[in-house]
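For reference, the chains in residue letters:
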Amino acid sequence: MTAIAEKPLVEIQGLHKYYGHHHVLRGIDLTVNQGEVSVVIGPSGSGKSTMLRCVNLLETISAGRISVGGSLIGYREVNGRLHDLKAKEIAAQRREIGMVFQRFNLFPHKTALQNVMEAPVQVKGQPKDVAKKRALELLDRVGLADRSGHYPSQLSGGQQQRVAIARALAMDPELMLFDEPTSALDPELVGDVLNVMKDLAKSGMTMIVVTHEIGFAREVGDRLTFMDGGVVVESGDPREVLSNPQHARTKEFLSRVL
Ligand SMILES: Nc1ncnc2c1ncn2[C@@H]1O[C@H](COP(=O)(O)OP(=O)(O)O)[C@@H](O)[C@H]1O
Ligand SMILES: [Mg+2]
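Residues numbered from 1 in each chain as written. Chains lettered and ligands numbered in written order. Predicted model: local features only at pLDDT ≥ 70, side-chain atom pairs only at ≥ 80, totals over all residues. Heavy atoms only, no water.

The next thing to look at is helix α3 (residues 112–122). Within α3, burial applies to Ala 112, Leu 113, Asn 115, Val 116, Met 117, Pro 120 and Val 121. In this structure, the buried residues of α3 make contact with α4 (128–141) and α5 (157–169). (Buried < 20%, exposed > 50% of the residue type's maximum accessible area, 1.4 Å probe, protein only. Helix = DSSP H or I, 4+ residues; strand = E, 2+ residues; numbered from the N terminus. Contact = heavy atoms within 4.5 Å.)

And the structure:
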């Protein structure tokens, strides 16, 4: 979807990540404007999940900086020096970012409704009736109004993933991260999840989406970034990158997935 204002919401600059001696991210730069859908593709092991996990403070970064909504993620800068944020401040930053994983990670002993209500009640201290009303609205939005009383085991993978999206939205995040949200689904269930994501994009949500769904990238993405070996190989208008890739590695990858 076309960004209304060219205002950066996410700025990743010179991001490096090591796991021990393993240099997984080797200087990633990525800017996502407010309201943009930024799609990231690349082979397995290229560092896509690690990058998302750094944005969401699930990993500490080794070098570089990430800011979301103008705030540095994980640190405070005082006189040019970075100081670690306290656990409480990190928790507050994470609340602004919704994340949807390949595996849905719903609470198995809670209904769809209870899953969506959980964080607003427990983390934000919302009154139960307020959280319930909003959760029912969100379940309706993802096409599951009639499934609110179902447990995860009574739902298909696609339905569970849509509950997971509603659950993330219940915290009113300013940014949504998706890490291969349809990769674990049977093919016939993928479309419903992608449609929910498309509607979310239309509503103006800023999104970073790691996916192998090239059709989604072409149709919904404002930007397509190809990562390989912990670097951004190329990044640009999705239609441009897909029809006219500039780098041999991008061409080779696309020839395998298209
Ligand atoms: N917690 C971890 N500890 C050590 N190595 C990891 C960890 N997580 C990921 N890696 C390694 O980092 C590299 C990038 O992984 P990942 O970000 O999951 O790639 P992608 O999502 O693109 O498949 C891989 O070589 C992977 O084995
Ligand atoms: Mg991954």
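Right, let's get into the pairing of strand β9 (residues 175–179). In terms of residue burial, β9 counts as a mostly covered element, since five of its five residues are buried. Judged by which residues are buried, β9 turns out to be covered on both faces: Leu 175, Leu 177 and Asp 179 on one side and Met 176 and Phe 178 on the other are all buried. Relative to β9, strand β8 (residues 97–100) runs parallel, the two sharing four bridges. Paired with Val 100 across the strands is Phe 178, a residue of β9. For the segment spanning β9, helix α6 (residues 187–202) and strand β10 (residues 206–210), crossover handedness is right-handed. (Pairing = 2+ DSSP bridges. Right-handed = clockwise from strand over helix to strand, strands pointing away.)

Across the interface, α3 lies against α5 with an axial gap of 8 Å and an inter-helix angle of 25°. In terms of axis orientation, α3 runs roughly parallel to α5. The two elements α3 and α5 cross, and the hand of that crossing is right-handed. Contact residues: Ala 112, Asn 115 and Val 116 in α3; Val 163, Ala 166 and Arg 167 in α5. Considering only residue class, the contact of α3 with α5 consists of four nonpolar, one polar and one charged. (Axes fitted to C-alpha atoms, helices over the stretch in contact; angles between N-to-C directions. Parallel < 35°, antiparallel > 145°, perpendicular 65-115°, else oblique. Left-handed = near helix turned anticlockwise from the far one by under 90°. Nonpolar A, V, L, I, M, F, W, Y, C, P; charged D, E, K, R; others polar.)

Contact geometry of α4 with α5 gives a least axis separation of 9 Å together with a crossing angle of 135°. Here α4 lies oblique to α5, going by the angle between them. Every pair of crossing elements has a handedness; the one defined by α4 and α5 is right-handed. Taking contact as the criterion, the partners of Arg 134, Leu 138, Leu 139 and Arg 141 in α4 are, on α5, Val 163, Ala 166 and Leu 169. Grouping the constituent residues of the contact of α4 with α5 by class yields five nonpolar, no polar and two charged.

Once that is clear, we can look at the sheet that holds strand β12 (residues 231–236). Spatially, β8-β9-β10-β3-β11-β12 is the arrangement adopted by the six strands of the open sheet, whose pairing is mixed. Of all the strands in the sheet, just β8 and β12 have a single pairing partner and so form its edges. The average undirected angle you get between the axes of adjacent strands in this sheet is 15°. Sheet analysis places strand β3 (residues 37–41) next to β10, joined by four bridges and oriented parallel. Note that in β10 the partner of Val 37 across the bridge is Met 207.

The next thing to look at is α6. Compared with an ideal rise of 1.5 Å per residue, which puts 16 residues at 22 Å, α6 spans 24 Å between its outermost C-alpha atoms and is within 8% of the ideal. Leu 189, Val 190, Val 193, Leu 194, Val 196, Met 197, Leu 200 and Ala 201 are the residues of α6 that are buried. Axial view of α6: buried residues confined to an arc of 155°, hence all on one face. Along α6, the residues that are exposed and aim more than 90 degrees away from the buried face are Glu 188 and Lys 202. (Expected span 1.5 Å × (residues − 1). Arc of directions from axis to C-beta.)

This part covers the nonpolar core. If you look at the biggest cluster of nonpolar residues, it comprises 50 residues, and the most contacted ones within it are Ile 165, Met 176, Phe 178, Met 197 and Met 207. Top contributing element to this core by residue count: α6, with eight residues. Those residues in contact with Met 176 that sit more than four places away from it in its chain are Gly 98, Val 100, Ile 165, Ala 168, Leu 169, Leu 200, Met 205, Thr 206, Met 207 and Ile 208. In this structure, Val 10, Ile 12, Val 32 and Val 68 belong to the second largest nonpolar core, which totals 28 residues. (Core = buried A, V, L, I, M, F, W, Y, C linked by side-chain atoms within 4.5 Å.)

This next bit is on the sheet that holds strand β4 (residues 63–68). If you trace the four strands from one edge of the open sheet to the other, you get β2-β1-β4-β5, paired in antiparallel fashion. The sheet terminates laterally at β2 (22–33) and β5 (71–72), the two strands that pair on one side only. Both strand β1 (residues 8–19) and β2 contribute to a ladder of nine bridges, which runs antiparallel. What sits directly across from Tyr 18, in β2, is His 23. Along the sheet, helix α1 (residues 48–55) contacts β1, β2 and β4; its crossing angle with β1, the most-contacted strand, is approximately 120°.

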